[in-house]
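Remarks on the overall topology
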Amino acid sequence: MSAATPPSLPLAGITVVALEQAVAAPIATRHLADLGARVIKIERVGEGDFARHYDGAVHGLASHFVWLNRGKESVALDLKSEDGRAVARALVSGADVFLQNLAPGAAARLGLGAEALRAADPRLVVVNMSGYGTAGPRRDRKAYDMLIQAETGLVSVTGTPETATKTGVPASDIAAGLYASQSVLSALFRRERTGEGATVEVSMFDATAEWLGHQMYMQLYAGRQVPRMGLSHAAIAPYDAFPTKDGQILIGVQNDRGWQDLVTKVFDRPDLVDHPRLRTNVLRVEHREECDAVVATESQKWSTAELDARLAEAGVPAAQVNDLQGLIDHPQLSARDRWREVETPVGPVRAILPPMTFTDVELAMGAVPDLGEHSVELLAEFGYSTEDVERLVAEGVVGRPKTD
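Residues numbered from 1 in each chain as written. Predicted model: local features only at pLDDT ≥ 70, side-chain atom pairs only at ≥ 80, totals over all residues. Heavy atoms only, no water.

Here's the deal with the side chain of Asp173
Within the fold, Asp173 resides in helix H7 (residues 171-194). In this structure, Asp173 is buried with no salt-bridge partner, the nearest side chain bearing the opposite charge being Lys166 at 9.5 Å. Other than its neighbours up to four places away in sequence, Asp173 contacts Val23, Ala24, Ile27, Asp145 and Met204. (Helix = DSSP H or I, 4+ residues; strand = E, 2+ residues; numbered from the N terminus. Buried < 20%, exposed > 50% of the residue type's maximum accessible area, 1.4 Å probe, protein only. Lys, Arg positive; Asp, Glu negative; His and termini not counted. Salt bridge = Lys/Arg side-chain N within 4 Å of Asp/Glu carboxyl O. Contact = heavy atoms within 4.5 Å.)

Now the structure itself:
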């Protein structure tokens, strides 16, 4: 590469066709788009991805859709019609990756099953996403994020001792989406060496079960259900939010050396180092109530800012307990220049840079598409005449933005 040639995005030249909706598949393909892939999103005529209608928080657009669909091209198709299915197959014929999260078997009924697609193009990478997988007693059950969190037992370890809760973000959706995008990258890398594509299955259930590895092994081999601990930790103490003069701060001491630093360097209480019931983590967990009471007595002698500074200077793990405005205003984001603007059909909106930071090139953060925004251009690109496109639009097979 010459000095004058700018570095390319990692997935430049890769085309992904996505028949997707909601969260799990869209977050997978959005990461691929950020990495430079061309992502063509197939949506329903008239309605589109139903995540478009969750809310209107972003100047009238849905927050989930804005978050998950930047950098994609939208084509609106009626896949119940043969003409619509033919367009979809034409789009996939020019792709490197086809990713879908319809109900099990639905893609095959549309002529977009992995077996048929890869028979036509063995280099194609097909990723089928689902709630529970393609077999088993729950194969055909509805599989929203909350349902998967309950079915896997994630809610049994989340929340307070009194109340089980789901996570505050769609953890099962996100887990499945990240594994799906990882599988795409792995399959493309292998294709470079072998010339062969792949068929991959990723289920929300399997992805969430993987995330529960520690808790599962505790049950499997120790016969013990890990309890719900709120902000605390079942195996570590002190590990919780503690009061300050003007609020609270989270302190997480993970070993006995950390305890010594906390009580001597932060609290000026060297007498607590060898306390007979607090000197080791095992003892502190056994006497958690006493341990937490001791820490709370000391922590409220300072303001949150003062205690945060003392903890940082002593090297004791701690964090301020922020709300979402605290995240938006967080100096860590502004100091590292993580904010950008992304175009949408209603104007620019703020967005945070993707978490994968390459030192030689900034990842793409393309526009959020209007429903069917690229339908006409894409059909023309794949050989449809102007007359054919107008006919398909008139028949309701192809959709385009209402402003066109």
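Examining helix H12 (residues 288-299)
Residue pairs three or four apart in sequence face the same way in an α-helix, which turns once every 3.6 residues. Spanning twelve residues, H12 covers 16 Å between terminal C-alpha atoms, matching the ideal 16 Å at 1.5 Å per step. Within H12, the full set of buried residues consists of Arg288, Cys291, Asp292, Val294, Val295, Ala296, Glu298 and Ser299. (Expected span 1.5 Å × (residues − 1).)

Overview of the pairing of strand E10 (residues 339-342)
Of the strand pairs in this sheet, E10 and strand E11 (residues 349-352) are connected by four bridges, and their pairing is antiparallel. Looking at the pairing, Arg340 lines up with Ala351 of E11. The hairpin formed by E10 and E11 contains six residues between the paired strands, and Gly347 there has a positive phi angle of roughly 110°. (Pairing = 2+ DSSP bridges.)

Regarding the packing of aromatic side chains
Throughout the structure, instances matching the rule amount to four aromatic pairs. Residues Tyr217 and Tyr221 carry aromatic rings whose centres are separated by 6.1 Å and whose planes lie at 20° to one another, so their mutual orientation is stacked. With Tyr217 and Tyr221 both in helix H9 (residues 213-222) and four residues apart, this pair spans about one turn of that helix. Take Tyr217: its relative accessible area is 48%, and that puts it in the partly exposed class. Considering the side-chain rings of Phe267 and Trp302, the 6.2 Å spacing of their centres and the 15° angle between planes classify their relative orientation as stacked. Here the residue Phe267 occupies a position in the loop between helix H10 (256-266) and helix H11 (281-286), and Trp302 occupies one in the loop between H12 and helix H13 (304-314), the gap between them amounting to 35 residues. The class of Phe267 is buried, set by a relative accessible area of 4%. The class of Trp302 is buried, set by a relative accessible area of 14%. Above the face of the Trp339 ring, Arg350 is positioned so that its terminal group lies 3.9 Å from the ring centre. (Phe/Tyr/Trp six-rings, centres within 6.5 Å; stacked < 30°, edge-to-face > 60°. Lys NZ or Arg CZ within 6 Å of the ring centre and 35° of its normal.)

Some words on a nonpolar patch on the surface
Together, Met216, Tyr217, Leu220 and Tyr221 give the surface a local cluster of nonpolar side chains, amounting to about 500 Å² of exposed area. Residue classification places Tyr221 among the exposed positions, given a relative accessible area of 67%. (Patch = residues over 30% accessible without salt bridge, like charges linked within 9 Å, V, L, I, M, F, W, Y side chains within 5 Å. Areas by Shrake-Rupley, 256 points an atom, 1.4 Å probe, with all protein chains shown as cover.)

Digging into the sheet that holds strand E9 (residues 318-320)
For sheets, the rule is that strands pair by backbone hydrogen bonds, running either parallel or antiparallel. Strand order in the open sheet made by the three strands is E7-E8-E9, with antiparallel pairing throughout. Of all the strands in the sheet, the pair left with one neighbour each is strand E7 (239-243) and E9. Going across the sheet, the axis of each strand differs from the next one's by a mean of 25°, ignoring polarity. Running at roughly 40° to E7, H12 makes contact with E7 and strand E8 (248-252) of the sheet. Against the sheet, H13 touches E8 and E9, its axis set at about 20° to E8. (Axes fitted to C-alpha atoms, helices over the stretch in contact; angles between N-to-C directions.)

Looking at the sheet that holds strand E4 (residues 97-100)
As summarised here, the arrangement of the seven strands in space is E6-E5-E4-E1-E2-E3-E12, forming an open sheet in which the pairing is mixed. The open sheet has two edge strands with one neighbour each: strand E6 (198-203) and strand E12 (398-399). Alignment of strand E1 (residues 15-19) against E4, held across four bridges, turns out to be parallel. Counted as the bridge partner of Val17 is Phe98 from E4. The strands that helix H3 (residues 82-93) touches are E1, strand E2 (38-44), strand E3 (72-77) and E4; relative to E3, the one it contacts most, it runs at about 155°.

Section: the pattern of salt bridges
For the structure on display, the rule yields 27 salt bridges. The partner of Arg52 in a salt bridge is Glu43, with the nearest N and O atoms 2.8 Å apart. When its relative accessible area of 3% is taken as the criterion, Glu43 is described as buried. For Arg118, the salt bridge identified is with Glu196, shortest N-O distance 3.7 Å. Residue Arg118 is found in helix H5 (residues 114-120), and its partner Glu196 is found in the loop between H7 and E6; the two are separated by 78 residues along the sequence. What makes Glu196 partly exposed here is its relative accessible area of 40%. Salt bridges linked by common partners bring Glu20, Lys41, Asp49 and Lys72 together as one network.

Re the nonpolar core
Nonpolar side chains tend toward joint burial in soluble globular proteins. Judged by nonpolar contacts, the single largest core of 31 residues is most densely connected at Leu99, Val127 and Met129. For this core, the elements supplying multiple residues, two or more each, are helix H1 (24-34), E4, strand E5 (125-130), H7, E6 and helix H8 (204-211). Look past the residues within four positions of Leu99 in its chain and what remains in contact with it is Val17, Ala18, Leu19, Ala25, Ala28, Thr29, Val127, Met129, Ala180 and Val184. If you look at the next biggest cluster of nonpolar residues, it comprises 29 residues, including Val75, Leu378, Val389 and Val398. (Core = buried A, V, L, I, M, F, W, Y, C linked by side-chain atoms within 4.5 Å.)

Remarks on the packing of H1 against H7
Two numbers describe how H1 lies on H7: the axes approach to 7 Å, and their chain directions differ by 45°. Overall, the two elements H1 and H7 adopt an arrangement that is oblique. In this structure, H1 meets H7 at a crossing whose hand is right-handed. Between H1 and H7, the residues in contact are Ala24, Ile27, Ala28, His31 and Leu32 and Asp173, Ile174, Ala176, Gly177, Leu178, Ala180, Ser181, Val184 and Leu185, respectively. A per-class count over the contact of H1 with H7 returns ten nonpolar, three polar and one charged. (Parallel < 35°, antiparallel > 145°, perpendicular 65-115°, else oblique. Left-handed = near helix turned anticlockwise from the far one by under 90°. Nonpolar A, V, L, I, M, F, W, Y, C, P; charged D, E, K, R; others polar.)

Fair warning: the whole summary comes from geometry, so function is off the table for now.
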